[in-house]
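# Architecture and fold: a report
So you can see what is in the structure, the chains are spelled out below.
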Amino acid sequence: ASAGGFLRSFLGPILSLPFVVIVSAMITGVPGDGHVINPRILWAAGLSQMINLVAYPAVVAALARPLGIGAGYGAFIVVVNWASLFVNVAVTAATVLLLFGTYEVFGFVWLVLFGLSLFVVWRAARETLSHDIGPSLMMVVLWVGLGVLTDHLGALLVGARSFG
């Protein structure tokens with residue numbers, strides 16, 4: 001990936017920001033909560049997305065040389081960044097199910113899309129970083145772990161209840 005393509009790929013997570021906030025609003029505004037949308041949760045979701053925008057590439061970059069996967073780093077980040085936009089758009093489209101009270105169906109669709117995003121990170125790592133299972137699996141685990149960590153950090157920073 002060129003330097004310009006690498007930098008442009010960060011538009012993926014930035015453009016997905018409104019979708020992340022919409023999904024958070026839809027989930028926090030379910031009838032069990034009296035349809036009340038907590039603005040702190042929305043800020044936490046947006047902040048988490050922005051922290052993860054920097055954190056995941058930074059952690060992968062720090063591990064690239066010790067793991068011997070530096071040659072494919074740029075291409076890997078490009079794929080993961082753009083994939084985040086497409087997955088977030090799909091999850092946002094699925095939130096329409098919440099309007100019809102089909103929470104279990106939405107939960108299933110979300111789980112399938114989450115699995116798809118794990119597969120994309122896995123496949124991108126296998127194609128761009130290493131054909132070995134270890135580094136590829138590590139990229140998936142880091143992706144999930146940093147996602148959870150940045151969710152909690154975003155909630156902590158805005159004084160919102162943590163997501164998990």
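Let us look at the structure shown here. (Residues numbered from 1 in each chain as written. Predicted model: local features only at pLDDT ≥ 70, side-chain atom pairs only at ≥ 80, totals over all residues. Heavy atoms only, no water.)

### Here we look at a nonpolar patch on the surface
On the surface, Leu-11, Ile-14 and Leu-15 cluster together to form a nonpolar patch covering roughly 240 Å² of accessible area. Of note, Ile-14 is situated in helix H2 (residues 11-15). (Patch = residues over 30% accessible without salt bridge, like charges linked within 9 Å, V, L, I, M, F, W, Y side chains within 5 Å. Areas by Shrake-Rupley, 256 points an atom, 1.4 Å probe, with all protein chains shown as cover. Salt bridge = Lys/Arg side-chain N within 4 Å of Asp/Glu carboxyl O. Helix = DSSP H or I, 4+ residues; strand = E, 2+ residues; numbered from the N terminus.)

### So, the nonpolar core
Tyr-56, Phe-76, Ile-77, Val-121 and Met-139 are the most contacted members of the largest nonpolar core, which has 20 residues in total. Element by element, the count of residues in this core is highest for helix H5 (residues 73-94), at 5 residues. Dropping the residues within four chain positions of it, Met-139 is found in contact with Tyr-56, Val-60, Leu-67, Ile-69, Phe-76, Val-121, Ala-125 and Leu-129. (Core = buried A, V, L, I, M, F, W, Y, C linked by side-chain atoms within 4.5 Å. Buried < 20%, exposed > 50% of the residue type's maximum accessible area, 1.4 Å probe, protein only. Contact = heavy atoms within 4.5 Å.)

### Observations regarding helix H8 (residues 133-158)
Between its terminal C-alpha atoms H8 stretches 38 Å, which fits the 38 Å expected from 26 residues at 1.5 Å a residue. Of the residues making up H8, those classed as buried are Pro-135, Ser-136, Met-139, Val-140, Leu-142, Leu-146, Gly-147, Thr-150, Gly-154 and Ala-155. Phi turns positive, to about 75°, at Gly-159, one or two residues after H8. (Expected span 1.5 Å × (residues − 1).)

### A few points about the packing of helix H3 (residues 17-28) against H5
Between H3 and H5, whose axes approach to 9 Å, the crossing angle comes to 30°. Between H3 and H5, the interaxial angle falls into the category roughly parallel. Two packed elements cross with a definite hand, and for H3 against H5 that hand is left-handed. Contact with H3, carried on its side by Phe-19, Val-20, Ile-22 and Val-23, involves Leu-85, Asn-88, Val-89, Val-91 and Thr-92 of H5 and no other residues of that element. Grouping the amino acids of the contact of H3 with H5 by side-chain chemistry returns 7 nonpolar, 2 polar and no charged. (Axes fitted to C-alpha atoms, helices over the stretch in contact; angles between N-to-C directions. Parallel < 35°, antiparallel > 145°, perpendicular 65-115°, else oblique. Left-handed = near helix turned anticlockwise from the far one by under 90°. Nonpolar A, V, L, I, M, F, W, Y, C, P; charged D, E, K, R; others polar.)

### Some points on the packing of helix H4 (residues 39-67) against H5
Direction vectors running N to C along H4 and H5 enclose 155°, while the axes themselves pass 11 Å from each other. Classified by the angle their axes make, H4 and H5 are roughly antiparallel. The way H4 lies across H5 gives a crossing that is right-handed. Between H4 and H5, the contacting residues are Gln-49, Tyr-56, Pro-57, Ala-58, Val-60 and Ala-61 on the first element and Tyr-73, Phe-76, Ile-77, Val-80 and Asn-88 on the second. Of the residues that constitute the contact of H4 with H5, the class distribution is 9 nonpolar, 2 polar and no charged.

### Describing the packing of aromatic side chains
A full pass over the atoms with the stated rule returns 5 aromatic pairs. Both rings, one in Trp-110 and one in Phe-114, keep their centres 5.2 Å apart while their planes meet at 5°; by these two values the pair is stacked. One end of the pair, Trp-110, and the other, Phe-114, are both in helix H7 (residues 103-128), 4 residues apart, so they sit about a helical turn from each other. Take Phe-114: its relative accessible area is 27%, and that puts it in the partly exposed class. (Phe/Tyr/Trp six-rings, centres within 6.5 Å; stacked < 30°, edge-to-face > 60°.)

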